[in-house]
Amino acid sequence: MHRTALTACLLLALNACATRQPVPPDLASIHPQGVLVPAPSTLVSPAPAVDTWWNLYDAPKLGRLIQDALHDNLDLKAAAARVAQARAVLDARKRARLPTTRVTAGAGEGSTLDDQLAAALDDTPVRTGMRYDAGLDFSWDTDIQGRLGASVRAAHAHAAEVQALADATRIDITVETARAYVDICGYAARVGDARQSLDLLRQSLTLQRRLLDSGAGNRLDVVRTQALADEAAAAIPALQAAHDNAIQELSVLLARPADALPGDATACHVVPRLTAAPPAGDVAALLKRRPDVRAADDHLRASTAGIDLAVSELYPSLSIGAELLSSAPSIGELNARSSMVWRIGPLLSWSFPNLSVARARIAGAKAGQREALAQFDKSILRAIADVQVALGSYQAAETQHNALQHASAQTGEALRLAQRARQLGAVDALDLLDAQRSDVKARLAATASDADVAIAQLGLFRALGGGWQTAPDLEPSMPAPSGPSGSAP
């Protein structure tokens, strides 16, 4: 008994050395400070970012479509299944720390222990016959080398990483649903403008032909106007196809056929507009919110637990077990004292002759941790860079939009002046035709820029990491080993 206690104390001391591995820094302790929005900025607000960013648009239908996608999207259902699978693994790892019991029973030809002893004493053949067996086993792994604890920590970190990746999928689905809706509205608006421009050109063509028939016009004006009308007509099928493709994309995101989509979604022809400047928040909040940063952090923690798991293989494992076996020629004799064999006590196992395998696994686990740390650092830089790039793209799209709107207004005014001058005979048909061509081109570009601005805004919301709501939090992970870093002996 004293030897058993001494062995347990020695193994506990070895365990303290085995599991002291460097712990990844807390995400909260490495947040860089500072705001994301350059001052002054009229396009973006430094206020804290919001999760339900789609409510900032003047389109309630957009919010309903996103909610439908979050409920029905098949990618999200697959992500939820992966989360459930990871949590089931975590639950199994936790339960592996509990004692286990096993009951056995059997029947067959054979001999009992008493038969064998009697045969040995009397120097006679062993008596055989029908024998019945029953047994009860109990075992509990004390985990003094930290293997089970490291396994739980690794499973917990992996489950948190899978949850973060599911949150990233959620963000992608919200943004892609909004983008599909913006495309539907934007291409519908462009098709409407193209058809309206085509109608105006056809009216001008009819007028040119009447003038030609009356002898007041010339065939060159008719041919040029016809070419411009054909050019405008040729642009419509591509725009209509892009509109129909956006409807198909939305149907996939909502996991339903295109003909089952709400009519007010497919009939949209006005690009949604923000009712307020997008709130960007600061860097610290960004890193807490971005699922890819959280996933990299959790992956780093899982790799650190993997080192502890590899180191634990260097040391013996100690389990407490009890066993009761009974074998008798009849079922009624199974409870006879002479039919029973029992054992209780510790069981020590140690694969020390082949420690080189464990050391190789430790080296691999440490290399995996260095890789995870590099990926974690990269995720922080990527998160900040994504926001800065998205802000720049949004600024450029808004500036271009304003310029194109102004240009469209100017070409529209120029067309009206040219039409009036043509009526007065102050300009020829070629000048009027040039004014019409410029107006058609500027109007289509301005309409397209509406969607470009909205898509740039969606890129900003994606970079900010908004649009997910976490599932119930996982239970807190096992406490990380404390104390100075140690190395395996």
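Above this text you will find the structure in question.
Values in this document were obtained by computation on a predicted structure and should not be read as measured data.

> I'd love a proper account of the pattern of salt bridges, names of residues and values included.
One pass over the full model with this rule turns up 18 salt bridges. For R256, the salt bridge goes to D72, with nearest N and O atoms at 3.3 Å. Placement of the pair is R256 in the loop between α6 (219-253) and α7 (263-266) and D72 in helix α2 (residues 60-72), with a sequence separation of 184 residues. Owing to a relative accessible area of 23%, R256 belongs among the partly exposed residues under this scheme. In this structure, D167 and R294 form a salt bridge, with 2.9 Å as the shortest nitrogen-oxygen distance. Highlighted residues: D167 in helix α5 (residues 147-214) and R294 in helix α9 (residues 291-312), separated in sequence by 127 residues. Connected through salt bridges with shared partners, the residues R290, D292, R382 and D386 form a single ionic network.

> Explain the layout of surface pockets residue by residue, including any values.
When its volume is computed, the second largest pocket comes out at roughly 340 Å³. Taken together, 16 residues line the second largest pocket, and the ones lying closest to its centre are S204, L207, Q419, L432 and Q436. Elements that contribute at least two residues to the lining of the second largest pocket include exactly α5, α10 (355-424) and α11 (429-464).

> Describe in detail the nonpolar core, supporting the description with residues and values.
Of all hydrophobic cores here, the largest spans 58 residues; its most connected members are W53, L62, Y181, L250 and Y394. When residues in this core are grouped by element, the largest group, ten residues, is from α11. Residues contacting L250, with those up to four places away along its chain left out, are L65, T177, A180, I184, L261 and A265. If you look at the next biggest cluster of nonpolar residues, it comprises eleven residues, including A229, I236, L433 and V440.

Analysis parameters
- Residues numbered from 1 in each chain as written.
- Predicted model: local features only at pLDDT ≥ 70, side-chain atom pairs only at ≥ 80, totals over all residues.
- Heavy atoms only, no water.
- Salt bridge = Lys/Arg side-chain N within 4 Å of Asp/Glu carboxyl O.
- Helix = DSSP H or I, 4+ residues; strand = E, 2+ residues; numbered from the N terminus.
- Buried < 20%, exposed > 50% of the residue type's maximum accessible area, 1.4 Å probe, protein only.
- 1 Å grid on protein atoms, 1.4 Å probe; cavity = no way out; pocket = protein on both sides within 12 Å on 5 of 7 lines; lining within 4 Å.
- Points joined across faces, edges and corners; volume = space filled by probe spheres on them.
- Core = buried A, V, L, I, M, F, W, Y, C linked by side-chain atoms within 4.5 Å.
- Contact = heavy atoms within 4.5 Å.

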